[in-house]
Amino acid sequence: MRRIAVLTGGGDTSSLNATLKGVALEAERQGFELLGFVEGWKGLYEGRYVKLRSDMIDERAGGTLLKTSRTDLRKVEDGFERSVENLKKLRVDALIAVGGDDTLTVGAAFAQEFATAFVTKTIDNDVGRNPPQGGKIDFEGMINYFCPGFPTAALKFASFVRDLRTTAYSHERVMVVEAMGRDMGWLALAGACGGADIVVIPEVGLNYERLRELVAEKFKEQRHLIIAVAEGIKDEEGRLLTENPDYIDAFGHAQPGGCSELIARRLKNDLSKELGASNFNHVIPSYLQRCGPPTEIDMRVSMELGRKAVEALKEGKVNHVACAMRRGDEIVAELLPMDEVLERDETGKVIPREVDPRLYDPEAMNATPEGIEYFRPILGDMPRPFEYPKLEIQKI
Ligand code: F6P
């Protein structure tokens, strides 16, 4: 093997450059030449590439130096044929694809045609497998403990939730904060680590009556409230609460977003009189969750995963995924065959990983103690959720 290539696909994250750096450093160590295709599968198909060296890559910069796209090669004319042809023309021996469920859906099929290894990434944290169900959760049995990019986004979201409490308290607000994550509630669940009073995730259909009950109960106790909701919340019929009617991506995903506004409005309508409260607000941090430099743990693990993917190619382990695994309190990089990492449906589409039911209590609408424990090695020492002392208010 002399020459390998890498590409990044799907939504960007804060730690993609860290993975690229790991790939480049290991490629140089092994004496491989490295090419980078620009804009993911699209760039491979169109034959746009750069010669990539480790000194070009800043692992502390967010986004991806190689840029990205959401391109489904299976839906473009001669998608696979032309891409393989380009790789052969450039005398590339093997490819590393870095991406989320969609990039890996394309990649799993592509790997049948060309030697390819993978590293995951997504702030949605939905690529991997939960440990077997039943009994206590064994975190070491979780395949791909987290997806690169998730730790940074999770820390940001938890911090937004924590910091919002000062204004929520001061103005007696009910604040509904909306997390990204498309169909899954991993990022919203991180809000629990920032002290969210209530967390609503899409894996459990929205039980509005229970939500209303909890909001009334908790607001009466503390006169302010933070509710973390996932953008992909579904109603009881399984329909997205809100979606952009003008946008469907190449993989057929509707663009969620805006459910926090709807929920805040409905709660205001139903509860403002009973609670004597008028401030029902919503906050959508949007891309602020997905930008900026990676956290230390995200950067370190993402780099290790990049290195591991090059090792996979060196050892001829194509169609393998470099996965983050929990070993004690440490997160390490290990190589696993694609089929052990992903579940796919009959069309080959990767089935996203849901929040493990042991991490979330639908009755309390919040993380379980195991849910909080899940985040410990991801977030490190989170500053404690913000709390004011209780005021003994007197009246003349
Ligand atoms: O998949 C990552 C993600 O950030 C989702 O959480 C979100 O729904 C989607 O991408 C947003 O897509 P885009 O980057 O195309 O706006």
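Predicted model, so just to flag it, every value in this text is computed and none were measured.

Definitions and cut-offs
Every chain begins its residue count from 1, and numbering advances along the sequence as written. This being a predicted model, a pLDDT of at least 70 is required before a residue's local features are given, and a value of 80 or more before pairs of side-chain atoms are given or counted; all residues contribute to the totals for chains, interfaces and linings. As a convention, hydrogens and water are excluded, and side-chain values are obtained from all of the structure's heavy atoms. Labels follow the DSSP assignment, with helices taken as runs of H or I lasting at least four residues and strands as runs of E lasting at least two, numbered in each case from the N terminus. Working definition: with a 1.4 Å probe on protein chains only, accessible area under 20% of the residue-type maximum means buried, over 50% means exposed, and in between means partly exposed. Note on terminology: a nonpolar core comprises buried Ala, Val, Leu, Ile, Met, Phe, Trp, Tyr and Cys residues joined through side-chain atoms within 4.5 Å. Here the bounds of each domain stem from an automatic or database domain assignment. Every residue pair with non-hydrogen atoms within 4.5 Å of one another is taken to be in contact. DSSP calls a pair of strands paired once it identifies at least 2 bridges connecting them. Every axis corresponds to a line fitted to the C-alpha atoms, with the helix fit spanning only the stretch in contact, and the corresponding angles, defined between N-to-C directions, vary from 0 to 180 degrees.

> Can you lay out the environment of G62 for me, pointing to particular residues and giving the numbers?
Note on placement: G62 falls in the loop between strand 3 (49–51) and helix 3 (79–89). On the accessibility criterion, G62 (29% relative accessible area) is partly exposed. Sequence separation between G62 and L267 is 205 residues, and the spatial gap between their C-alpha atoms is 36 Å.

> Talk me through the nonpolar core; I want residue IDs and the actual numbers.
Of all hydrophobic cores here, the largest spans 94 residues; its most connected members are I96, L211, I227 and Y374. Per-element accounting of this core gives the leading share, eight residues, to helix 5 (residues 150–171). Built from parts of two domains, this core gets at least three residues from each of domain 1 (3–130 + 292–341) and domain 2 (155–289 + 357–379). Once you skip the residues sitting within four places of it in the chain, I96 turns out to touch I4, A5, V6, L7, V23, A117, V119, A309, V310 and L313. Grouped together as the second largest cluster of nonpolar side chains are 34 residues, A97, A108, I143 and V321 included.

> How would you sum up the sheet that holds strand 13 (residues 330–337)? Please name residues and give values.
An order of 3-2-1-4-5-12-13 is seen for the seven strands of this open sheet, with the pairing classed as mixed. The outermost strands of the open sheet, each flanked by one partner alone, are strand 3 and strand 13. Strand-to-strand, the axes of this sheet are offset by a mean angle of 25°, without reference to chain direction. Pairing of strand 1 (residues 3–8) with strand 2 (residues 33–37) involves four bridges; the strand directions are parallel. If you follow A5 over to strand 2, its bridge partner there is L35. Contacting strand 1, strand 4 (94–99), strand 5 (116–120), strand 12 (320–327) and strand 13, helix 9 (residues 296–314) crosses the sheet at an angle of about 30° to strand 13.

> Outline the sheet that holds strand 11 (residues 280–283), listing residues and values.
The strand order across the open sheet built from four strands is 7-8-6-11, with neighbouring strands paired in parallel fashion. Where the open sheet ends on each side, the last strands, each with one partner, are strand 7 (198–200) and strand 11. With direction set aside, neighbouring strand axes in the sheet form an average angle of 20°. Strand direction decides the pairing type here: strand 7 and strand 8 (residues 225–230), joined by three bridges, are parallel.

Function-wise, these values are silent; they only describe arrangement.
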